[in-house]
Amino acid sequence: MFSNASPWTTTNRLIADSDPAMPPQSRKPRCRIRLCYAVAALFGLLNGCDHDSSSPPLVNEDNSPLDDASERTPSDGVPDCDRFQFRSKRLESGITFHHQSGDSPEKPFPAANGSGVGILDLDLDGFSDLLFVSSNSFDPGVEVVANQCYRNSGQWGFLDVTSPTGLEFAGHSAGVTVGDFNDDGFPDVYLTCFGPNRFYENQGDGTFREVSSSSGVGHPGWGTSAAFLDYDNDGYLDLYVGNYAEWTPDQNEYCGDRERGIRMYCSPKSVAPQADVLYHNLGNGTFADVSESSQVAIQRFRTQGVIAVDTTADGLVDLYVTNDIHPNSLLINQGNGTFVNQADFLGVAYDHAGNAQAGMGVASADMDRDGRIDLFVTNFEGEHNTLYIQGESGFFTDASHLRGITSGSLPWIGWGTAAVDFNADGWTDLFVINGHTDNNMHDLGREGTYRQPPLFWENRQGKFEQCIPRDSPFFQSVHPGRGIAVADLDQDLDWDIVCCLQDLPPELLENQS
C-alpha cells in the first residue's frame, strides 16, 4: 500500500521490498518499515487501450456539462482505456471528512497547497485505515476543521475513530508519513504542518500519544513532506522532513490587482526557501537532528515532495527531493552518515532543456522493467510532467517526450501521483491528480481552470499512452485536486485510489480493472 506524504508525494514505503510498480498480491513483507514501495513479480502482458473508441466529454463533479470550451479539450483525441475502470465509493463509505484549505480573501500562501492523506493499519487487523488531514483558516475567528481518522471495517465501510485514537489535531496540516519508529510492530504517524510538526506514537490499543516534543522532531517551520527511512541500516527508522519557505501571516504580500481589489496567491519566488531537516533515530524513543553533520542542510530549496529509495542499488537508501522553481535534489547516501546531492550530475535536477521546474508530486518505480529505478515528477502548467529513465550507467535521461508524457501534461498543474501497476499486467502505470492554485484567475482575465481533469497513462511495454478509464466518471470530470494515496482498500489484490480535493470531501476510487 502507498501512503501519501503530502499533496505532492505518494510514496512512503509500507512493509515493502523494492519496486512500487506491482499489484498488492505480489508483495512479500520482510520488515515492519513504512518507507517507499511495494513490489513486483507479475509479468503477463495484456492488450492495451482501444484506440478506436471515442472519449465522452468531460463534466463537472455533479455531471453537468462544462460551460468553458477550453475545459473540454483534455478528452480531445484521448482514447478510452477498456482495460481500466474505477468506481467511486465515497457515498457508501461513511466518510464525512470535508477538507478546509484556509483560503480567504487575503490569500495566505500555505492555503494554496492543500493537504494529503495517510494510509495505515492502525490496529493490525489487515485492513488499510485512512487519516485525512486538513489545513485551516489563519483567521482565529473561523471555526477549525480537525484531522479525521477512519477505521476500515471491510466492504468499503469506514468508521470514524478520530476521537478515540487521539488524532484529531486541528491546525495547518499538509502531509502525512507513517512508520514504525520504535519497532513495536505498530505504525506511528508524523504530520508536516505550518507551525510545529506533530508526531504520534501508536500505543497498540487503538490510541496514539503525541510525542512531538519528547521525541525531538516537532520542527516549527513550514513542513510540506516527510519520509521515514533507515539511512544507516541500524534497524531503526530515521526521518527526513521537507520544508518550504519562511512565511508568516504578517508577511503575506499583496499580489494581483490592488486597484480592482483582486488578490491572487503570490509566486513561490516571493518567499525565501527553508532548509530541510534529517533526524537520526537513537533507538530510545528520541531523535537527534543531524541535518548539518549529514550535509542535507547545505541546500535551501522550497521542498514540495520527497521519496526515499535506493536509486544506486548499493543497499543504502537515498533521497529524491522535488523543489519549487529550484533544481530537484538527489541526495546519494554515502554510507558514513552523510549525503551528497548528485541530481545535476546524474540528470534529475532539471528538465531536458535545463530548466528548473515546479517539482511537485513525485513517484518512483522501474518503469521499463530493466531492473533500475526511474523517477517521475509532476509540475506546474506550461511545464511537462517529467519522467527520468535511469540508464545502465546510472545516469538519468528526461524521456518524457519519447515515452509519451509531455503533451498530455503541459496544460495542467500536477500534484499527487502514483506509479503502480493498476491492471496487473506487469507494467507500471501512472496516475496524476491536477488542480489550479487560483480560484479567481478569470477575474484578472487569465486563462486556465481551477478544477482540472485527472490524468492516466497506461504503460505499454515502457512507453506511456494517455487514456481515460472506461465508465469512470471521476476521470471524465474536473476537480481541485491535491494529494493522493493508493492501497488495496478492499483486499481484492489491486490498487485503489484515495484523492484529496481542495475544500471538498475526498474521493475513494475502487479499482475494477
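Residues numbered from 1 in each chain as written. Predicted model: local features only at pLDDT ≥ 70, side-chain atom pairs only at ≥ 80, totals over all residues. Heavy atoms only, no water.

Engineer: How would you explain the overall build of the chain if you had to name every residue and give the values?
Structural biologist: A count of helical and extended segments in the chain gives 5 helices and 36 strands. A buried classification covers 62% of the 513 residues belonging to the chain. Here the analysis covers contacts within the chain between residues at least 6 apart in sequence; of these, 61% occur between residues at least 24 apart. By element, 48% of the accessible surface of the chain is carried by carbon and sulfur atoms, the whole surface being about 18,100 Å². (Helix = DSSP H or I, 4+ residues; strand = E, 2+ residues; numbered from the N terminus. Buried < 20%, exposed > 50% of the residue type's maximum accessible area, 1.4 Å probe, protein only. Contact = heavy atoms within 4.5 Å. Areas by Shrake-Rupley, 256 points an atom, 1.4 Å probe, with all protein chains shown as cover.)

Engineer: Explain unusual backbone geometry residue by residue, including any values.
Structural biologist: Residues other than glycine seldom take positive phi values, yet L124 does so here, at roughly 55 degrees. Relative to the helices and strands, L124 is located in the loop between strand 5 (117-120) and strand 6 (129-132). In this structure, Q491 takes a positive phi of about 55 degrees despite not being glycine. The class of Q491 is partly exposed, set by a relative accessible area of 40%.

Engineer: An account of the sheet that holds strand 23 (residues 329-333) is requested, with residue identities and associated values reported.
Structural biologist: Across the sheet, which stays open at both edges, the 4 strands sit in the order 21-22-23-24 with antiparallel pairing between neighbours. This sheet does not close on itself; its edge strands, each paired only once, are strand 21 (303-309) and strand 24 (339-341). For this sheet the average axis-to-axis angle between neighbouring strands, irrespective of direction, equals 20 degrees. Relative to strand 22 (residues 318-323), strand 21 is paired through 6 bridges, and the arrangement is antiparallel. Residue G305 lies in a different strand from strand 22, and its bridge partner there is T322. (Pairing = 2+ DSSP bridges. Axes fitted to C-alpha atoms, helices over the stretch in contact; angles between N-to-C directions.)

Engineer: Before we move on, could you go through the state of the cysteines and cite the residues and values that matter?
Structural biologist: As enumerated under the stated definition, the model contains 2 disulfides in all. In this model, C255 is linked to C266 through a disulfide, with the two sulfur atoms separated by 2.0 Å. The S-S bond linking C255 to C266 shows a torsion near 105 degrees; that makes this disulfide right-handed. Taken together, the residues C255 in strand 16 (residues 255-257) and C266 in the loop between strand 17 (262-264) and strand 18 (272-273) connect sequence positions 11 residues apart. Note on C266: relative accessible area 12%, which makes it buried. By sequence-ordered numbering of the bonded cysteines, the chain has its disulfides arranged as 1-4, 2-3. Between C499, a cysteine without a disulfide, and C500, which holds the nearest cysteine sulfur, the sulfur-to-sulfur distance is 7.7 Å. According to the relative accessible area criterion, C499 is buried, its value standing at 0%. (Disulfide = S-S within 2.5 Å.)

Engineer: How would you summarise the sheet that holds strand 30 (residues 429-434) if you had to cite specific residues and measurements?
Structural biologist: Overall, antiparallel pairing links the 4 strands, which are arranged 29-30-31-32 in an open sheet. The strands lining the two open edges of the sheet, one partner per strand, are strand 29 (414-420) and strand 32 (463-466). Taking each pair of neighbouring strands and ignoring which way they run, the sheet shows an average axis angle of 20 degrees. Where strand 30 and strand 31 (residues 455-460) come together, 3 bridges link them in antiparallel fashion. Its bridge partner lying in strand 31, L430 is registered against W457.

Engineer: How would you sum up the environment of V144? Please name residues and give values.
Structural biologist: Considering the arrangement of structural elements, one finds V144 in the loop between strand 6 and strand 7 (148-154). Residues contacting V144, with those up to four places away along its chain left out, are N136 and A170.

Engineer: Explain the side chain of D129 to me, using residue names and the numbers behind them.
Structural biologist: Examined against the element boundaries, D129 turns out to sit in strand 6. This buried residue, D129, is left without a salt bridge; R151 holds the nearest opposite charge, at 5.3 Å. Within polar-contact distance, the side chain of D129 engages the backbone nitrogen of L122 at 2.9 Å. At a separation of 2.7 Å, a polar atom in the side chain of D129 contacts the main-chain amide nitrogen of N152. (Lys, Arg positive; Asp, Glu negative; His and termini not counted. Salt bridge = Lys/Arg side-chain N within 4 Å of Asp/Glu carboxyl O. Polar contact = N/O pair within 3.5 Å; in protein donor to acceptor, adjacent residues only side chain to side chain.)

Engineer: Residues and numbers for the pattern of salt bridges, please.
Structural biologist: A full pass over the atoms with the stated rule returns 15 salt bridges. E92 serves as the salt-bridge partner of K89, at 2.8 Å between the closest nitrogen and oxygen. The exposure class of K89 is buried, given its relative accessible area of 6%. Between D370 and R372 there is a salt bridge, with its nearest N and O atoms 2.9 Å apart. Shared partners join several salt bridges into a network, and the residues in it are R87, K89, E92 and E510.

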